[in-house]
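Summary of structural features
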Amino acid sequence: MPAEYPQLVISTETSTYIVPLTQGNSWVIGRGKDCTIVLADRWASRRHAMVQRLDNEDYYLIDLGSRNGSVLNGQTIQVPTLLKTGDRFVIGKTTLEFRTDEAVSTMPPETPVSLQPLVLVIQPPGIQVQIWQELLRSQGLEVIVESGQINSRRIISDFISVMKRNPDILMLDSQLETPDISKLLEWIKATYPKLRSFIIDRYDNHISPMQRQWATQHGAIDWLPALPDDNLTMYGAEIAAQLKRVLKAVGRHKLEQEKLAVALLNLQLATNDDLPSQLLSEYVNPPPSLPP
């Protein structure tokens, strides 16, 4: 049966993913790299808002002095506000729904099954998973992200049970299990022998040939290094090489270069801590002027 636990269902203009609220007592949301939940949303402030859990298990939404405000159920909040299951709040152009009852670890079953290749990424919230998410979507792939803060085996099983299909590719954080993820890879091979996976790193920008060989010996396609999280547009060729490995695994042999360039620019603008949020409007289409 799908698990029940508090979570945020995060919906962007292109996709929906879930972040469990199971570890810690506060979650900072924004476009800054140090946030607990990183949004690639140029309209969000670097530290926009926070969800705080109290000792009595109540959850509050707190705006952190953001430039554009936090809108809960259609009202801009000024003070910490109690969240109830089903409440929706908007940060920038991102919608977040708070759930506590009948929460599941994957998208709801009524979601239509996509005809596009489907990638399940299991990696803790942060800039790395956000970059992977946007890069994969730029190539027309459907992406679902899970944080791995609950049991990874349960995430995979729940996903397949709810979606009634295997993901085309799994992307597994290298530190999902200690001392390594070999047991998880063995479980995947035994339980879902047709399921293919990549190991992805959050910290190491260089993966040695020995590490890559270890990955293939334990059933993974490859071990991919951490993506650059600064000056993304300068590392376009390096990022494209990583992306091509994943595309090849799902039968895609052509990289959409223009779409990748747009995604890199958007990520650069959304996550660049040196770029004040009030200047972001200079890099996007301004709203139309009102007629005189």
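For the structure given in this document, a descriptive report is provided here.

Criteria and cut-off values
- Residues numbered from 1 in each chain as written.
- Predicted model: local features only at pLDDT ≥ 70, side-chain atom pairs only at ≥ 80, totals over all residues.
- Heavy atoms only, no water.
- Helix = DSSP H or I, 4+ residues; strand = E, 2+ residues; numbered from the N terminus.
- Buried < 20%, exposed > 50% of the residue type's maximum accessible area, 1.4 Å probe, protein only.
- Contact = heavy atoms within 4.5 Å.
- Expected span 1.5 Å × (residues − 1).
- Salt bridge = Lys/Arg side-chain N within 4 Å of Asp/Glu carboxyl O.
- Polar contact = N/O pair within 3.5 Å; in protein donor to acceptor, adjacent residues only side chain to side chain.
- Pairing = 2+ DSSP bridges.
- Axes fitted to C-alpha atoms, helices over the stretch in contact; angles between N-to-C directions.
- Parallel < 35°, antiparallel > 145°, perpendicular 65-115°, else oblique.
- Left-handed = near helix turned anticlockwise from the far one by under 90°.
- Nonpolar A, V, L, I, M, F, W, Y, C, P; charged D, E, K, R; others polar.

**Focus: the environment of His206**
Within the fold, His206 resides in the loop between strand E15 (197–200) and helix H4 (209–217). For His206, a relative accessible area of 55% translates into the label exposed. Put simply, His206 and Ala226 are 20 residues apart on the chain and 7.6 Å apart in space, counted from C-alpha to C-alpha. With near-sequence residues (within four places) excluded, His206 lies in contact with Gln211 and Pro225.

**A few points about helix H5 (residues 236–249)**
For H5, which comprises 14 residues, the first-to-last C-alpha distance of 20 Å matches the rise-based estimate of 20 Å (1.5 Å per residue) to within 8%. Downstream of H5 by a residue or two, Gly251 has a phi angle that is positive, lying close to 85°.

**Observations concerning the pattern of salt bridges**
The tally for this structure, following the rule as stated, stands at 11 salt bridges. Here Arg137 makes a salt bridge to Glu134, at a shortest N to O gap of 3.8 Å. Taken together, the residues span about one helical turn, with Arg137 and Glu134 both in helix H1 (residues 127–138) at a distance of three residues. Classification of Glu134 as buried rests on a relative accessible area of 18%. Note that Arg202 and Asp173 form a salt bridge whose closest N and O atoms lie 2.8 Å from each other.

**A few points about the environment of Tyr203**
Positionally, Tyr203 belongs in the loop between E15 and H4. Exposure remark for Tyr203: the relative accessible area of 54% places this residue in the exposed category. Put simply, Tyr203 and Gln128 are 75 residues apart on the chain and 8.9 Å apart in space, counted from C-alpha to C-alpha. Residues within four places of Tyr203 in sequence aside, it is in contact with Gln175 and Ala226. A polar atom in the side chain of Tyr203 sits 3.2 Å from the side chain of Arg202.

**Points about the sheet that holds strand E6 (residues 59–63)**
Taken together, the five strands give an open sheet; going across it, the order is E4-E3-E5-E6-E9, and neighbouring strands pair in mixed fashion. Lying at the two open borders of the sheet, with one neighbouring strand each, are strand E4 (37–38) and strand E9 (81–82). One ladder, built from two bridges, connects strand E3 (residues 26–30) with E4; its direction is parallel. Within the sheet, the bridge partner assigned to Ile29 lies in E4 and is Ile37.

**What to know about the packing of helix H2 (residues 152–163) against helix H3 (residues 182–191)**
Viewed as axis vectors pointing N to C, H2 and H3 meet at an angle of 25°, and their least axial separation amounts to 11 Å. With respect to H3, the axis of H2 lies roughly parallel. The handedness of the crossing between H2 and H3 comes out as right-handed. Contacts from Ser152, Arg153, Ile156 and Ser157 in H2 reach Lys183, Leu184, Trp187 and Ile188 in H3. Of the residues that constitute the contact of H2 with H3, the class distribution is four nonpolar, two polar and two charged.

Remember that the coordinates give geometry; whether it matters functionally is a separate question.
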